[in-house]
Amino acid sequence: MINCLHCYFLYGFVVSLSEFSSQSLARFPVAKKQPHQLTMHNKTRTDNYYWMRDDERENPEILAHLAAENTYCDEQLAAIKPLQNSIFEELKGRIVKDDNTVPVKDGKYWYHSEVRGDDEYSRHYRSTSINTDNKQLLLDVNALAQNHEFYELGEVALSPCEQLMAYSEDTEGRRIYSVHFKNLQTGEMLSDVLENTEGQIVWANDNKTVFYVKKDLQTLLGFQVFRHELGTAQSQDVMVYEEHDKSFFMGLGKSRDESLIIIDLATTETNDTWVLDANNPQGEFNALLPREEGHEFDIDKHGDTYYIVTNWQAKNFRLMTATSETIADKTQWQEHTAHREHVLLEGVEIFDDFLVLTEREQGQARFVVINHAQERMALEFSDPSYYAAVAMNPEPQARSVRIYYSSLTTPGTLYDVDLATGKKTLLKQQQVLGGFDSALYASERLFVTARDGVQVPVSLVYRKDTFTKDGTNPLFQYGYGAYGYTIDPSFSSTSLSLLDRGFVYAIAHVRGSEMLGRHWYEQGKKEHKQNSFSDFIDITKALVEQGYGDKNKVFASGGSAGGLLMGAVLNQAPELYLGVGCHVPFLDVLTTMLDESIPLTTNEYDEWGNPNDEHFYDVIAAYSPYDNISAQDYPHILVTTGLHDSQVQYWEPMKWVAKMRELKTDNNILIFKTDMDAGHGGASGRFKSLEEKALEMAFFIALIN
């Protein structure tokens, strides 16, 4: 009966598509054209929609246009609203309503969180034993969020004495956090409130002093570190560090042995670290080693030893050690794990008696345990490809490491792994309701030959009883490809709604990630960025040629930098796709990268290149999606954004949609939906966030029926 209902609603949408006339096209919001000239390097561009930028997000004309776009979106998709609702209920129905995390021991207490019923958010607890019988409520996020359309809990930090708690919250989606404090002995909230922060809070060891990063409210960069003493006003806080180079991100942390408070500074290609004795919060931060352009590293300390994961003379990184006397001079560092040409060293987790290295070879992550005798033991997993990560391990004295594991067919699984023997103890596996059976699904890992001869990895998953490999299955292809961020093949219960309808789901591991090592990233950035787009297009062609997808039923989706990927692919190969989803997409690359007042621009020069240099101006101009829209046919397109997005400003997709409507030569649907309450991460809450996923799935499914 459900399938029949799906056919009914799908048929209704197909009819609306086939009757999509010039009269219906006239209903879309028409943006006014107000020419604005932008000149650089004696080259002039005319931007007819530059007026859509409003940093304050208060311009009535702009808000009215966004509202009109939302209305148009709702009107165009009215026929599939029942399908969208049905898919939303499917997605929601796979989630266990009453659930809890596995308790984690940190100090005298075990910490965990719980969700109940239709609650959108968690409640956070602690107890004195693992069985949680005597649990103490620390935070009820539902109560904190009840008066806000958007709510995100940032960081929760306990004082060393474990009786004071700091937590940060964002109520606008702009990733500007307020910090609050709670006395866990009395349950009372303290009067201290810290505004306009990055959300991180680090306690000094005196249990009364905290450090935080303050944001520049124009650029949204964290650029100053302040010291705050409980019981004093924020206006009395002391600035202890200021970063003047706007290309650096700033973060705060504490060393593994809790002896140091650490300021982490990072561009895409350079790191810097400043430290302060956590027992002397009134002291000064000092650089741990000289700043050196192009030196990327991550430093931690345990006992008398510093551990440094560094790219110094090691493109794929190596592990070095140092002491307090030798840390400032890298020529005196001792090599612990050598550089390997085909193995990327991603990180190290430090324990009293063991180290756990996270490595990646041929695109696959793995863990290597090393004991004091330098004996190495690799941790084995059964799936041919998977995602695995070191989970929370707050206690260095532990004899086991907690590992999170997942694959395209295996729900998220948490293990404790004995560091001496490698024996895995299953703690919990994500429960998927709705009759899920992993045996019904299969995954593959392929390598596709790109146009320049490079082998590009692809991860695939499909339902066995609907997959034919004869070119009749609809194909959904996802990609990102930037910042060295790797999209590993992990389980998604939401994707089942596509797989169960016969879709093949593909993750394109294009250049720009670190799937195949640091060189894979370098070959997808700056002047090599075109490789990301070519890889994605070539993967689509290969999957169709090999029978994984129907050439008339191919869909693609990406968000943020993946939205840039979608925008470029749409300009370069629109004929390959029936429908495309662009979410919080970075589309107006050239204009944004020329404007240092826009949040995060200066941090991005190492990724895209600085267009103040004519060479990089030309590189970016050649692919920038907004600048390369042309008079050609485009597929059906769904665009989503958040008004309060702090990463990619709302006006980028807004302008792109307006220009696309002006120039495209087809009658295909182009719809644009703005969440007026959300930011870059979309809607908050565990159920509300599923609505956008259901919208895209319904949009795609309707197009093939």
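Residues numbered from 1 in each chain as written. Predicted model: local features only at pLDDT ≥ 70, side-chain atom pairs only at ≥ 80, totals over all residues. Heavy atoms only, no water.

Overview of the overall build of the chain
When its secondary structure is counted, the chain shows 14 helices and 39 strands. Relative to the compact-globule value of 27 Å for 705 residues, the chain shows a C-alpha radius of gyration of 26 Å, a close match. In terms of overall dimensions, the chain has C-alpha extents of about 70 × 60 × 55 Å along its principal axes. A burial count over the chain gives 57% of its 705 residues as buried. Long-range pairs, those at least 24 residues apart, make up 57% of the contacts in the chain between residues at least 6 apart in sequence. Taken as a whole, the chain presents about 28,500 Å² of accessible surface, with 48% of it coming from carbon and sulfur. For the chain, the separation between the mean place of its 63 positive charges and that of its 103 negative charges on side chains is 4 Å. (Helix = DSSP H or I, 4+ residues; strand = E, 2+ residues; numbered from the N terminus. Rg over C-alpha atoms; globule rule 2.2 N^0.38 Å. Buried < 20%, exposed > 50% of the residue type's maximum accessible area, 1.4 Å probe, protein only. Contact = heavy atoms within 4.5 Å. Areas by Shrake-Rupley, 256 points an atom, 1.4 Å probe, with all protein chains shown as cover. Lys, Arg positive; Asp, Glu negative; His and termini not counted. Charge placed at Lys NZ, Arg CZ, Asp CG, Glu CD.)

Things to note about the pairing of strand β31 (residues 424-429)
Across five bridges, strand β30 (residues 413-418) lies against β31 in antiparallel orientation. Bridge pairing in β31 links Y415 to L426. Where β30 hands over to β31, the hairpin turn is made up of five residues, of which G422 adopts a positive phi near 85°. (Pairing = 2+ DSSP bridges.)

Some remarks on the packing of helix α8 (residues 530-545) against helix α9 (residues 561-572)
Relative orientation of the contacting elements α8 and α9 amounts to 65°, with a least axis distance of 9 Å. Compared by their axis directions, α8 and α9 come out roughly perpendicular. The way α8 lies across α9 gives a crossing that is right-handed. Residues Q530, S532, F533, F536 and I537 of α8 pack against L564, L565, M566, A568, V569 and Q572 of α9. Taken together, the residues that form the contact of α8 with α9 break down as eight nonpolar, three polar and no charged. (Axes fitted to C-alpha atoms, helices over the stretch in contact; angles between N-to-C directions. Parallel < 35°, antiparallel > 145°, perpendicular 65-115°, else oblique. Left-handed = near helix turned anticlockwise from the far one by under 90°. Nonpolar A, V, L, I, M, F, W, Y, C, P; charged D, E, K, R; others polar.)

Looking at the packing of aromatic side chains
One pass over the full model with this rule turns up 30 aromatic pairs. Between the aromatic rings of Y386 and Y405, the centroid separation amounts to 5.2 Å while the plane-to-plane angle is 40°, which identifies the pairing as tilted. In this pair, Y386 is assigned in the loop between β27 (376-379) and β28 (387-390) and Y405 in strand β29 (residues 400-406), connecting sequence segments 19 residues apart. One exposure class covers both Y386 and Y405, and it is buried. By the ring-pair criterion, three or more aromatic residues cluster together here, those being F476, F503, Y505, F555, F699 and F700. Geometry around F351 places R256 over its ring, the cationic atom sitting 5.2 Å from the centre. Positioned above the aromatic ring of W520 is the side chain of R511, whose terminal nitrogen or guanidinium carbon lies 5.7 Å from the ring centre. (Phe/Tyr/Trp six-rings, centres within 6.5 Å; stacked < 30°, edge-to-face > 60°. Lys NZ or Arg CZ within 6 Å of the ring centre and 35° of its normal.)

Notes on unusual backbone geometry
Not every positive phi belongs to a glycine, and Q313 is a case in point at roughly 55°. Looking at the secondary structure, you find Q313 in the loop between β21 (305-310) and β22 (318-322). By relative accessible area, which is 63% here, Q313 ends up exposed. Look at S560: it is not a glycine, yet its phi comes out positive at around 60°. By the secondary structure assignment, S560 is in the loop between β36 (554-559) and α9. Take S560: its relative accessible area is 16%, and that puts it in the buried class.

Examining the nonpolar core
Counting residues in each nonpolar core, the largest one holds 112 residues, and the members touching the most others are F536, L543, Y577, W608 and W656. Considering each element in turn, this core owes the most residues, ten residues, to helix α14 (residues 690-703). Discounting chain neighbours no more than four positions away, the residues touching L543 are L446, V458, L460, L475, Q477, A506, Y548 and G549. (Core = buried A, V, L, I, M, F, W, Y, C linked by side-chain atoms within 4.5 Å.)

A short note on helix α4 (residues 81-93)
End to end, α4 covers 18 Å across 13 residues, agreeing with the expected 18 Å (1.5 Å per residue, within 8%). Those residues of α4 that sit buried are L83, Q84, I87, F88 and L91. What you see down the axis of α4 is that its buried residues fit within an arc of 140°, all on one side. (Expected span 1.5 Å × (residues − 1). Arc of directions from axis to C-beta.)

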